Amino acid sequence: MFGFDPLDDPRAFRTALGAYATGVTIVTVPSADGPIGITANSFASVSLDPPLVLWSPAKSSKRFSYYSGAPHFAIHVLDAHQQDICNGFTKDKSAFDGLDWETGANDVPLLKGCLARFECSLDVEHDAGDHTIIVGRVHRASARDGLPLLFQGGRFVSLKG
């Protein structure tokens, strides 16, 4: 697989990207349709001062319109035992039934029990090919001890604590 052109072999490019283990997050946003969530692994820190984070939804996602331009959202870093929550939001934008959650500032849905949570306002969006990079200014963050839910090579993986 080494030495390929990603434009000539997009599948090999995707496989190469999958070699990098990522944490799994749920990004939530309020909407006229009720609370919305999406599973995302494109989360990263950007800046400590000011406190900024980013994530990148696919433009082809049926949920993209809820997130592009959303003034407020929350990013939840999942704990290793929260794979069911990940799977729920992968399939259904309204997978809040049975979850412990509350409504936070600006009506943003907040999942309880996650490893970390970042409550954000939209700072800036950047066009990025078939995705959009959404940079959020963090107004409140919380975290607890634990091990993250990780995704690598098309499967969930775990760390030994």
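Residues numbered from 1 in each chain as written. Predicted model: local features only at pLDDT ≥ 70, side-chain atom pairs only at ≥ 80, totals over all residues. Heavy atoms only, no water.

Can you walk me through the environment of Ser31 in this structure?
Among the secondary structure elements, Ser31 is positioned in the loop between strand S2 (25-29) and strand S3 (36-40). A relative accessible area of 24% places Ser31 in the partly exposed class. Once the C-alpha coordinates of Ser31 and Arg140 are considered, the two residues, 109 residues apart in sequence, prove to be 20 Å apart. Apart from residues no more than four positions distant in its own chain, Ser31 is found in contact with Ile36 and Tyr66. At a separation of 2.7 Å, a polar atom in the side chain of Ser31 contacts the main-chain carbonyl oxygen of Gly34. (Helix = DSSP H or I, 4+ residues; strand = E, 2+ residues; numbered from the N terminus. Buried < 20%, exposed > 50% of the residue type's maximum accessible area, 1.4 Å probe, protein only. Contact = heavy atoms within 4.5 Å. Polar contact = N/O pair within 3.5 Å; in protein donor to acceptor, adjacent residues only side chain to side chain.)

Got a minute to help me understand the layout of surface pockets in this structure?
Empty space left among the atoms is revealed by rolling a probe the size of a water molecule over them. Reported here for the largest pocket is a volume of approximately 1300 Å³. Lining the largest pocket are 34 residues; nearest its centre among them are Arg14, Asn41, Ser42, His131 and Phe151. Elements with a minimum of two residues in the lining of the largest pocket: helix H1 (10-17), strand S1 (22-23), S3, helix H3 (83-91) and strand S11 (150-152). For the lining of the largest pocket, the leading source of residues is H1, giving six residues. (1 Å grid on protein atoms, 1.4 Å probe; cavity = no way out; pocket = protein on both sides within 12 Å on 5 of 7 lines; lining within 4 Å. Points joined across faces, edges and corners; volume = space filled by probe spheres on them.)

Before we go on, may I ask you to explain the sheet that holds S11 in this structure?
Strand order across the open sheet formed by three strands is S1-S11-S12, with antiparallel pairing between neighbours. If you trace the sheet from one side to the other, it starts and ends with S1 and strand S12 (155-157), each paired once. One ladder, built from three bridges, connects S11 with S12; its direction is antiparallel. Considered in S12, the bridge of Phe151 is made with Phe156. (Pairing = 2+ DSSP bridges.)

How do you make sense of unusual backbone geometry when you look at a structure like this?
In terms of backbone geometry, most residues other than glycine have negative phi values and most peptide bonds are trans. For the bond from Asp49 to Pro50, the omega torsion is 5°, close enough to zero to count as cis. In this fold, Pro50 is placed in the loop between strand S4 (44-47) and strand S5 (52-55). We note that Asn106 has phi near 60°; this positive angle belongs to a residue other than glycine. You can see Asn106 is positioned in the loop between strand S7 (101-103) and strand S8 (109-111). The backbone phi angle of Asp107 is positive, close to 65°, even though this residue is not glycine. Turning to its location among the elements, Asp107 is positioned in the loop between S7 and S8.

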